[in-house]
Amino acid sequence: MKTVDCDYFVVGSGMAGLMSALHLASYGRVLVVTKGRMRDCNTNFAQGGICCVMDPADTFDKHARDTMIAGAWLGKTEVVHEICEHAPEGIRDLIDCGVRFAKKRDGSWDLTREGGHSARRIFHAGDITGEKCEAAMIRRVRDVKAIDVRENAIVIDLVMTRRIGLGGPNRCVGAYVLDKMSGEIYAVRSPNTILATGGCGKVYLYTCNPDTATGDGIALAWRAGAKIENMEFIQFHPTCLYHPLARRFLISEAVRGEGAVLVDRHGREFMKKYDPRGSLAPRDIVARSIDSEMKRTGDDCVYLDIRKKGRAYLMTRFPNIYQKCMEFGIDMAKDLIPVVPAAHYTCGGIQATSDGATSIPGLSAVGECASTGLHGANRLASNSLMEALVCARLTAARLGPHPEAFMRGKVPEIPAWKTGAAVPPDEAVLVAHMWDEIRRLMWDYVGIVRTNKRLARAARRLKTLRREVRDYYFRYLVTPDTLELRNLAVCAELIVRCAQRRRESRGLHYTLDYPKQSKKPRETVLDGYRG
Ligand SMILES: Cc1cc2nc3c(=O)[nH]c(=O)nc-3n(C[C@H](O)[C@H](O)[C@H](O)COP(=O)(O)OP(=O)(O)OC[C@H]3O[C@@H](n4cnc5c(N)ncnc54)[C@H](O)[C@@H]3O)c2cc1C
């Protein structure tokens, strides 16, 4: 079996992965692996923008307070302040990569505002901010000699010293990787593995996440024994375009920030019934209100009304959304836009510090796969790209100058991947069926509004499904589909276990059995798998 050595092994090519790689390249050799093309990631789909206090009338304290309020006071105050305060450096890093954020005619930044923010503080590049950032980072990464990128390479499992029979404290020394094109499995050996694998939106039937969001990093870390926390907090984006041909197209929150209101099919505004902030209430409240409105009326969707803004404005401010809606026969300047909630963001994940340290030596986690304490029980809009940017920078500052980075020679030999008695898969239909079953049951039983009964039912069903997935995994040679299915099943189970432990309603976790918020905010921490 081939072994590839590097000083820093970065898994993922979104904002967290590419920014980590760019910073770490000053300190040593970086290998980035990503399971699709580089741009196949959530980052590429981000529309709204990136938070950063820049307006003289705005302050870091205000941003931190908005973040804590959105997170229902479960966020870690010191982490929230630290990340908000480092945001300007992160924005500068992107500008250095060549990102051109929108400016006003007078040359000042065109900062926008989204739900839950008390000030205008969102940097944006039209309504395709993520795409512009991703393209700029990819260009920069390609220019840096110290960074080697392997696309279509999916990490199977992390390599832990204890699993390969070495004594001493258990640490991560790399991973096994499947080359999706050739089918070859090789090892990557590195003293520093950085997971930047994004969230697990695909665990739900309806999601605006791309196909890469199968929670691989969270499942890899869990199997390696890392602590996982707060998985019950899944953010549902309230306004995904509802159209049979529109797959995961979001109507960004910036549209409500610029004046759109939510209405029913008769054009009647309904949000004020649920929250005094109306259509500008935080995401969880808006998603729950829409869910409740749809259940009450039996309608398949609700609508966004931004007709008052006029065509010229809409075409300039939201060119991408405007054009996409037009493709589906919806004219934002004349028509109501049909929308439904969809799984959007994973607030919890691998327990990590703001500089990426996890509970496992040698393993770091950055971006959406990590749970740093910034989001608490709910993410404030546009705080996630900011977190990925800042934490990539802080992680590199921790790992870079550290002597461990240069202990490549001391990293042990990694034994060859064993296929055992596995045979080529001949029943792909089973994989497809298990995928569908997990996603449907998570949508039906572990969605926006939860109950003890539904969670118990989900837990029972998932236990059986996990056994079936495990049997399949060991019986057949690995394929990208089976790897993702295995990880999806782990994430589903972690979400249910965390949800069952939380006996209150807080932020994104809303249960009819415990509708009140408890006095003392507490994390839900699961100790890593010890199988
Ligand atoms: C439609 C949409 C709109 C959004 N809008 C905004 C916004 O306006 N502002 C904001 O702040 N946030 C927004 N978000 C959220 C934000 O985009 C994500 O939180 C952020 O991009 C996560 O970055 P990341 O680098 O952590 O993960 P990602 O960008 O998802 O990257 C993960 C990478 O890991 C790779 N990977 C995963 N598993 C493996 C494996 N096993 N082996 C190899 N590679 C692997 C993937 O292929 C991918 O390259 C939006 C998200 C969506 C879906």
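Above: the structure in question.
Residues numbered from 1 in each chain as written. Predicted model: local features only at pLDDT ≥ 70, side-chain atom pairs only at ≥ 80, totals over all residues. Heavy atoms only, no water.

*Asks:* Which parts of the structure should I look at to understand the overall build of the protein chain?
*Replies:* Assigned secondary structure in the protein chain consists of 13 helices and 19 strands. Taken over C-alpha atoms, the radius of gyration comes to 22 Å for the protein chain, in line with the 24 Å a tight globule of 531 residues would show. For the protein chain, restricting intrachain contacts to residue pairs at least 6 apart in sequence, the fraction spanning at least 24 positions comes to 74%. Carbon and sulfur atoms form 51% of the exposed surface of the protein chain, whose accessible area is close to 21300 Å². Treating the 79 positive side-chain charges of the protein chain as one cloud and the 62 negative ones as another, the clouds have centres 3 Å apart. (Helix = DSSP H or I, 4+ residues; strand = E, 2+ residues; numbered from the N terminus. Rg over C-alpha atoms; globule rule 2.2 N^0.38 Å. Contact = heavy atoms within 4.5 Å. Areas by Shrake-Rupley, 256 points an atom, 1.4 Å probe, with all protein chains shown as cover. Lys, Arg positive; Asp, Glu negative; His and termini not counted. Charge placed at Lys NZ, Arg CZ, Asp CG, Glu CD.)

*Asks:* Please explain the packing of aromatic side chains as it appears in this structure.
*Replies:* The relative placement of two aromatic rings is captured by the distance of their centres and the angle of their planes. Tallied over the entire structure, the rule returns ten aromatic pairs. Measuring from centroid to centroid gives 6.4 Å for Tyr204 and Trp443, while their planes differ by 75°, and the two rings are edge-to-face. Pair noted here: Tyr204 is in the loop between strand S10 (192-195) and helix H5 (216-224) and Trp443 is in helix H11 (residues 428-445), with a separation of 239 residues, a long-range link. Given the relative accessible area of 0%, Tyr204 is considered buried. Across the ring face of Tyr186, the terminal group of Lys2 is positioned such that the distance to the ring centre comes to 5.1 Å. The ring of Tyr345 carries Arg379 above its face, with NZ or CZ at 4.5 Å from the centroid. (Phe/Tyr/Trp six-rings, centres within 6.5 Å; stacked < 30°, edge-to-face > 60°. Buried < 20%, exposed > 50% of the residue type's maximum accessible area, 1.4 Å probe, protein only. Lys NZ or Arg CZ within 6 Å of the ring centre and 35° of its normal.)

*Asks:* Where do I start with the site of the ligand in this structure?
*Replies:* Close to the ligand lie 38 residues, the nearest being Thr43, Gly49, Asp216, Glu368 and Ser384. One of the side-chain N or O atoms of Glu368 is found 2.7 Å from an oxygen atom in the ligand. Between the ligand and the protein, one listed contact pairs a nitrogen atom with a side-chain N or O atom of Arg379 at 3.2 Å. Within the complex, 98% of the 1000 Å² of free accessible area of the ligand lies under protein. Mapped by element, the contributors of at least two residues to the shell around the ligand are helix H1 (15-24), strand S7 (153-160), strand S15 (337-346) and helix H10 (383-399). (Near = heavy atom within 4 Å. Polar contact = N/O pair within 3.5 Å; in protein donor to acceptor, adjacent residues only side chain to side chain.)

*Asks:* It is not clear to me how the nonpolar core should be interpreted in this structure. Could you clarify?
*Replies:* Nonpolar side chains in soluble globular proteins tend to be buried together. Judged by nonpolar contacts, the single largest core of 67 residues is most densely connected at Phe9 and Met442. With eleven residues, the top contributor of residues to this core is helix H13 (residues 480-501). Beyond its immediate chain neighbours, meaning those up to four positions away, Phe9 contacts Leu31, Val33, Val155, Ala175, Val177, Val188, Ser190, Asn192, Thr193 and Ile194. Leu24, Cys51, Ile138 and Val141 belong to the second-largest nonpolar core, a separate cluster that totals 52 residues. (Core = buried A, V, L, I, M, F, W, Y, C linked by side-chain atoms within 4.5 Å.)

*Asks:* I'm lost on the sheet that holds strand S2 (residues 8-11) in this one. Help?
*Replies:* Strands pair in a sheet through their backbones, by hydrogen bonds, and they do so in one of two ways: parallel or antiparallel. Sheet architecture is open: five strands sit in the order S6-S3-S2-S10-S17, paired in parallel fashion. What marks the edges here is a single partner per strand, and that holds for strand S6 (147-150) and strand S17 (363-365). The sheet shows a mean angle of 20° between the axes of neighbouring strands, direction not considered. Note: S2 against S10, four bridges, orientation parallel. Bridge assignment links Val10 to a residue of S10, and that residue is Ile194. Here H1 sits on the sheet and contacts S2, strand S3 (30-33), S6 and S10; the angle it forms with S2, its principal contact strand, is near 165°. Along the sheet, H10 makes contact with S2, S10 and S17, crossing S17 at roughly 160°. (Pairing = 2+ DSSP bridges. Axes fitted to C-alpha atoms, helices over the stretch in contact; angles between N-to-C directions.)

Geometric descriptors of this kind do not, in isolation, establish any biological role.
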